[in-house]
Amino acid sequence: MLQAPRGTQDIYGGDMKIWRHIEDRIRAITDAYNFTEIRVPVFEHTELFLRGVGDTTDIVQKEMYTFEDKGGRSLSLRPEQTAGTARAFVERGMFNLPQPTKLFYVGPNFRYERPQEGRYRQHYQFGVELFGASSFAAEAEVISTGYELLTSLGVKDFAVHINSIGCPDCRKIYHENLKTFLGERIESLCGLCKQRFEKNPLRTLDCKTPGCKELLKSAPSVLDSLDDECRAHFEGLKSLLTRMEIPFVVDAKIVRGLDYYTRTVFEFIKDGLTVIGGGRYDGLIAQVGGPQTPGVGYGMGIERLVLLLQKQNATPEVSAGPDIFIGSMGEDAFTKAQELVYILRKSGIRAESDLLNRSVKAQMKYADKIKARFTMILGENELKENAANLKNMETGETEKTAFNELATKF
Ligand code: ATP
Ligand code: MG
């Protein structure tokens, strides 16, 4: 039997209802915040991700699906959508529009990772990108979209972790402090962190091995290396979030290793799993060839959100069956049933009929299984009278109803 590739899912049935529910909330909230949707290609030139995600990141080094097309170009399936969105911002000249530019996206990303709970090779992200504003208020606005989304979906007990990694100047100082700390303990670091020590020491703070985690508990805090401006910016964000009554915790271990991040970084965490990760990246637009433009945004894993909702039994009710099932006996009645459901459906009534030429008994069984609220069976007499008994399946009551009045009953 042919199977779906490892790390992929088919989303259907009741699960699809949860997905739709989430996407409906996403669209309602982004609309209220005046973010507009963007759809960028599922594949891009590999070069974009080398520049826009970073060629020292795990995503680019280990997780990317890269291939050569028939024209010999190196393309990659997008591992995330910030780089593509930034490319579109530059290529389409969106910096000429009134600023800020507020975009959101929903769609699949691809990463070659070891599949496990909440980790897939094709995963979906909702994300927002706000380009052209460097104020802490832009960060609070972006964070509040995520907070609204999770709370309005009924997610409980998640925490908003925020941190500031400062500007490149602050980070230079912090790198020195951190390297001194790590250098004294280099033998105790995992293999990967030994490499990170050379290339990007900040990323050791993100390490998931228990040994490194323990050791890094006493690492110097990036917050102690902030200059006055970066410190004031972070204080501004904290007091605005407080005014908005969005609870948060300051967590100096949140770094989100990519080089282009500046100042604020944040994650929404529930039971150790990050659902939303994002921050400010004032270097990104220039990195992909545009004019120096500030930006802030996040990505949210939709599968992880679905998992949370399922664990908390906060999933929406699966909607009831069709309004009416119209069964039939004989060829003429079969055709009439198709005609009637077509008319009802045009006025938005959820109508169903038999398509398998089943016996009346089998049709009624089917109507029961799909939980039709009303049923009607057509035979020779009903065709003559242009009317039939409409049966309420819950109460068992029947009411003779003319075909041309059927639509008024719903
Ligand atoms: P992690 O540390 O869990 O690997 P990440 O830092 O790689 O996350 P980002 O690149 O910031 O994640 O992506 C943003 C969000 O997308 C994550 O917080 C998560 O919810 C989701 N996500 C990332 N990778 C996957 C994946 N392989 N499967 C499912 N969801 C994912
Ligand atoms: Mg990852």
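Here's what I pulled together on the structure shown here. (Residues numbered from 1 in each chain as written. Chains lettered and ligands numbered in written order. Predicted model: local features only at pLDDT ≥ 70, side-chain atom pairs only at ≥ 80, totals over all residues. Heavy atoms only, no water.)

A few words on the overall build of the protein. Of regular secondary structure, the protein possesses 14 helices and 16 strands. Its C-alpha atoms give the protein a radius of gyration of 28 Å, clearly above 22 Å, the size a compact globule of 410 residues would have. Counting across all 410 residues of the protein, residues that qualify as buried make up 48%. Total accessible area on the protein is roughly 20900 Å²; 50% of this is exposed by carbon and sulfur atoms. Positive and negative charge centroids in the protein, built from 54 and 56 side chains respectively, lie 3 Å apart. (Helix = DSSP H or I, 4+ residues; strand = E, 2+ residues; numbered from the N terminus. Rg over C-alpha atoms; globule rule 2.2 N^0.38 Å. Buried < 20%, exposed > 50% of the residue type's maximum accessible area, 1.4 Å probe, protein only. Areas by Shrake-Rupley, 256 points an atom, 1.4 Å probe, with all protein chains shown as cover. Lys, Arg positive; Asp, Glu negative; His and termini not counted. Charge placed at Lys NZ, Arg CZ, Asp CG, Glu CD.)

A word on the site of ligand 1. Taken together, 15 residues form the shell around ligand 1, and within it Arg 111, Glu 113, Arg 119, Tyr 120 and Arg 256 come nearest. Separating an oxygen atom of ligand 1 from a backbone N or O atom of Thr 274 is a distance of 3.1 Å. At 3.1 Å from an oxygen atom of ligand 1 is found a main-chain nitrogen or oxygen belonging to Val 275. Within the complex, 87% of the 590 Å² of free accessible area of ligand 1 lies under protein. Counted by class, the shell around ligand 1 contains three nonpolar, six polar and six charged residues. (Near = heavy atom within 4 Å. Polar contact = N/O pair within 3.5 Å; in protein donor to acceptor, adjacent residues only side chain to side chain. Nonpolar A, V, L, I, M, F, W, Y, C, P; charged D, E, K, R; others polar.)

With 16 residues, helix α12 (residues 331-346) extends 23 Å between its outermost C-alpha atoms, agreeing within 8% with the 22 Å of an ideal straight helix rising 1.5 Å per residue. Residues Ala 333, Lys 336, Ala 337, Leu 340, Val 341 and Leu 344 constitute the buried set of α12. For α12, the angular spread of the buried residues around the axis is 135°, confining them to a single face. Residues of α12 that are exposed and point more than 90 degrees away from the buried face comprise Glu 331, Asp 332, Thr 335 and Lys 346. Residues of α12 that are buried sit in contact with β12 (324-328), β13 (351-353), β14 (374-378) and α14 (380-385). Once α12 finishes, Gly 348 follows within two positions and takes phi at roughly 85°, a positive value. (Expected span 1.5 Å × (residues − 1). Arc of directions from axis to C-beta. Contact = heavy atoms within 4.5 Å.)

Taken in spatial order, the eight strands of this open sheet run β1-β5-β6-β11-β10-β9-β7-β8, and their pairing is mixed. Unpaired on one side and paired on the other, β1 (36-37) and β8 (249-250) mark the two borders of the sheet. When strand β9 (residues 264-270) meets strand β10 (residues 273-280), the two strands line up antiparallel, connected through six bridges. Opposite Phe 266, over in β10, you have Gly 278 as the bridge partner. Packing against the sheet, helix α1 (residues 13-32) makes contact with β1, β5 (101-110) and β6 (122-131), and its axis sits at approximately 160° to β5. Each of β5 and β6 is contacted by helix α4 (residues 82-91), which is oriented at about 40° to β6, the strand it contacts most. (Pairing = 2+ DSSP bridges. Axes fitted to C-alpha atoms, helices over the stretch in contact; angles between N-to-C directions.)

A few words now on the layout of surface pockets. Its volume calculated, the second largest pocket comes out at about 160 Å³. Contributing to the lining of the second largest pocket are Ala 320, Gly 321, Lys 371, Ala 372, Arg 373, Phe 374, Asn 392, Met 393 and Glu 394. Split into classes, the residues belonging to the lining of the second largest pocket amount to four nonpolar, two polar and three charged. (1 Å grid on protein atoms, 1.4 Å probe; cavity = no way out; pocket = protein on both sides within 12 Å on 5 of 7 lines; lining within 4 Å. Points joined across faces, edges and corners; volume = space filled by probe spheres on them.)

In this section: the packing of helix α5 (residues 136-152) against helix α9 (residues 228-243). Running from N to C, α5 and α9 point in directions that differ by 40°, and their axes come no closer than 9 Å. Regarding the angle of α5 to α9, the classification is oblique. Note on packing geometry: the crossing formed by α5 with α9 is right-handed. For the pair formed by α5 and α9, the contact residues are Phe 136, Ala 137, Glu 139, Ala 140 and Ile 143 on the first element and His 233, Gly 236, Leu 237, Leu 240 and Leu 241 on the second. Taken together, the residues of the contact of α5 with α9 sort by class into seven nonpolar, two polar and one charged. (Parallel < 35°, antiparallel > 145°, perpendicular 65-115°, else oblique. Left-handed = near helix turned anticlockwise from the far one by under 90°.)

This brings us to empty space enclosed by the protein. For the structure on display, the rule yields two cavities of 30 Å³ or more. Each pocket or cavity is described by its volume, and for the largest cavity that value is around 90 Å³. Lining the largest cavity we find Thr 56, Asp 58, Gln 61, Leu 192, Gln 195, Arg 196, Lys 199, Asn 200 and Arg 203. Within the residue set of the lining of the largest cavity, elements represented by two or more residues are α3 (58-63) and α7 (191-199). Considering every element that reaches the lining of the largest cavity, the biggest residue donor is α7, with four residues.

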